[in-house]
Amino acid sequence: MSKTILELNNVSIRFGGLTAVDSVNIKIDQGTISALIGPNGAGKSTIFNLITGIYPPTQGEITFLGATINGQKPHFITEMGIARTFQNIRLFGEMTVLENVKIGQHCRTKSGFIKAIIRGPGVKKEEKSITEASMEALRLMELDHKADELAKNLPYGEQRRLEIARAMATNPKLILLDEPAAGMNPQEKMTLMTMIRKIQTNNLTIFLVEHDMKFVMNLSDSVAVLDYGRKIASGSPSEIQRDPAVIAAYLGKGVV
Ligand SMILES: Nc1ncnc2c1ncn2[C@@H]1O[C@H](COP(=O)(O)OP(=O)(O)OP(=O)(O)O)[C@@H](O)[C@H]1O
Ligand SMILES: [Mg+2]
């Protein structure tokens, strides 16, 4: 039987007069690929911000592997095993590819600031394991041969993959990808799809937001649809594609 990894129970958030997320229920099984779709401004990124602790919900509960996580700080949530990428690229262009991945693992470091300056054997050991985990994540995303290049010199599609590598290096159980294929050409999208399937085989759970419907429907086991902050449907890709409410709110409006 499949195990629930993430559950949103009646979750809402209000920004002033706007209810950006309105009484949303979502349940995600471990080891699956799920998608969250819906028109611009529907509240998709806000749901990721709620899950990762950027905002506490105004109402409702979020549980991860059975433990309540709403109200916890983002670094605690990362430590529990949830990683994410952002809708807009957030890389340090003047740093190398490897450095960009290493930076994502500060949540895992145990050595304090003073120890890091003295650089005792514990720090060196820790640094070695961070480098190894980072290289492993780069290998997964097929970027290990570019470890020493500056991030800004990577083509766009590879920059997006680098962000996924950075998230993967924290060894997450659940990864949230906010529009991972946005701005990619068809070839880059195909490559990304293959890589997402590959990382999912390590019993990783993937939850993604994406506007490219071919990408979503090809990859996902289940899809939830948001419109004006409310969940209007959820089900398998074929159920969602046939749902009249989804077609009226989103799919019928010329989305690709
Ligand atoms: N911090 C905030 N303060 C005020 N309003 C916000 C805040 N964050 C999001 N919103 C509003 O909440 C609504 C949902 O935004 P969100 O970014 O979640 O949409 P989205 O579904 O991700 O859209 P897109 O597909 O364009 O990325 C929008 O109306 C947005 O302006
Ligand atoms: Mg968004």
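Sequence order as written defines the numbering, with residues in each chain counted from 1. Ligands are numbered from 1 and chains lettered from A, in the order in which they are written. The predicted origin of the model limits local features to residues at a pLDDT of at least 70 and limits the giving and counting of side-chain atom pairs to 80 or more, whereas totals for whole chains, interfaces and linings rest on all residues. Just so you know, side-chain values use all the structure's heavy atoms and leave hydrogens and water out.

**What to know about the coordination of the magnesium ion (ligand 2)**
- Each protein donor to the magnesium ion (ligand 2) is listed here as S45 (OG) and Q87 (OE1); together their distances run 2.1 to 2.2 Å. Here S45 is found in helix 1 (residues 44-51), whereas its partner Q87 is found in the loop between strand 6 (82-85) and helix 3 (97-103), with 42 residues between them in sequence. Here the coordinating atoms are restricted to nitrogen, oxygen and sulfur within 2.8 Å of the metal centre, or 3.2 Å for Na, K and Ca, and because water is not among them the sites may look incomplete. Helical segments are the DSSP runs of H or I of at least four residues, strand segments are the runs of E of at least two, and each set is numbered from the N terminus.

**Quick look at the pattern of salt bridges**
- We count a salt bridge whenever a side-chain nitrogen from Lys or Arg sits within 4 Å of a carboxyl oxygen from Asp or Glu. According to the stated counting rule, one finds eight salt bridges in the structure shown.
- Close ionic contact of E94 with K152 constitutes a salt bridge, the shortest N to O distance being 3.1 Å. Of this pair, E94 sits in the loop between strand 6 and helix 3 while K152 sits in the loop between helix 5 (121-140) and helix 6 (156-168); the two residues are 58 residues apart in sequence, bridging distant segments of the chain.

**With respect to the pairing of strand 3 (residues 33-37)**
- Exposure categories follow from relative accessible area, calculated using a 1.4 Å probe and restricted to protein chains: below 20% of the type maximum is buried, above 50% is exposed, and the middle band is partly exposed. Among the five residues that make up strand 3, five are buried, leaving the element largely enclosed by the rest of the structure.
- Alternating positions in strand 3 separate into two faces, I33, A35 and I37 on one and S34 and L36 on the other, with burial throughout.
- Relative to strand 8 (residues 205-209), strand 3 runs parallel, the two sharing four bridges. Bridge pairing in strand 8 places S34 opposite F207. Being paired, for any two strands, means DSSP has found at least two bridges between them.

**Observations regarding the packing of helix 6 against helix 7 (residues 186-200)**
- Two elements in contact, helix 6 and helix 7, have axes separated by 10 Å at closest approach and are oriented at 15°. Classed by the angle they form, the pair helix 6 and helix 7 counts as roughly parallel. For the element pair helix 6 and helix 7, the recorded crossing hand is right-handed. Taken together, the residues of helix 7 that come into contact with helix 6 (itself represented by Y156, G157, R161, I164 and M168) are E188, T191, L192, M195 and I199.
- Class assignment of the residues belonging to the contact of helix 6 with helix 7 gives a composition of six nonpolar, two polar and two charged. Axes here refer to lines fitted to C-alpha atoms; in helices the fit is confined to the stretch in contact. Angles between the N-to-C directions go from 0 to 180 degrees. Angles below 35 degrees are treated as roughly parallel, those above 145 as roughly antiparallel, those between 65 and 115 as roughly perpendicular, and all remaining angles as oblique. Handedness of a helix crossing follows the sense of rotation of the near helix relative to the far helix, less than a right angle counterclockwise being left-handed and clockwise being right-handed. Any pair of residues with heavy atoms lying within 4.5 Å of one another is described as a contacting pair. In this classification, the charged set is Asp, Glu, Lys and Arg, the nonpolar set is Ala, Val, Leu, Ile, Met, Phe, Trp, Tyr, Cys and Pro, and all remaining amino acids, among them Gly, are polar.

**Description of the site of ligand 1**
- In these notes, residues near a molecule or strand are those with any non-hydrogen atom within 4 Å of it. Around ligand 1 lies a shell of 15 residues, among which G41, K44, T46, Y55 and Q87 are the nearest.
- Here an oxygen atom of ligand 1 sits 2.7 Å away from a polar atom, N or O, in the side chain of K44.
- Whenever a nitrogen or oxygen atom comes within 3.5 Å of another N or O atom, the pair is scored as a polar contact, on the condition that within protein one atom can donate a hydrogen and the other can accept it, and that pairs from neighbouring residues in sequence are kept only if both atoms are in side chains. Within the side chain of T46, an N or O atom sits 2.5 Å from an oxygen atom of ligand 1.
- Only the protein chains shown count as cover for residues, with accessible areas throughout obtained via the Shrake-Rupley method and a probe of 1.4 Å. Summarising the interface, the protein chains cover 65% of the accessible area of ligand 1, which totals 640 Å² for the free molecule.
- Elements represented by at least two residues in the shell around ligand 1 include exactly strand 2 (18-29) and helix 1.
- With three residues, helix 1 is the largest single contributor of residues to the shell around ligand 1.
- Classifying every residue of the shell around ligand 1 by side-chain character gives six nonpolar, seven polar and two charged.

**A closer look at the domain arrangement of the protein chain**
- Residue ranges for the domains trace back to a domain assignment, done automatically or taken from a database. Domain boundaries assigned for the protein chain yield domain 1 (1-81 + 172-256) and domain 2 (92-170).
- The C-alpha centroid of domain 2 is placed 26 Å from the C-alpha centroid of domain 1.
- Taken together, the contacts link 18 residues of domain 1 with 13 residues of domain 2.
- By definition, the buried area sums, over both parts, the 1.4 Å-probe accessible area that each loses when the two are put together. If you sort the residues of domain 1 by the area they bury against domain 2, P172, M195 and I199 come out on top, with a joint share of 31%.
- The tally of links from domain 1 across to domain 2 stands at one salt bridge.
- Notably, a salt bridge pairs E142 with K198, separated by 3.2 Å at the nearest N-O pair.
- Linking domain 1 with domain 2 are five residue pairs in polar contact (both at pLDDT 80 or more), by the criterion used here.
- Elements supplying a minimum of two residues to the side of domain 1 that touches domain 2: helix 2 (74-80), strand 7 (174-178) and helix 7.
- No other element matches helix 7, which puts six residues into the side of domain 1 that touches domain 2.

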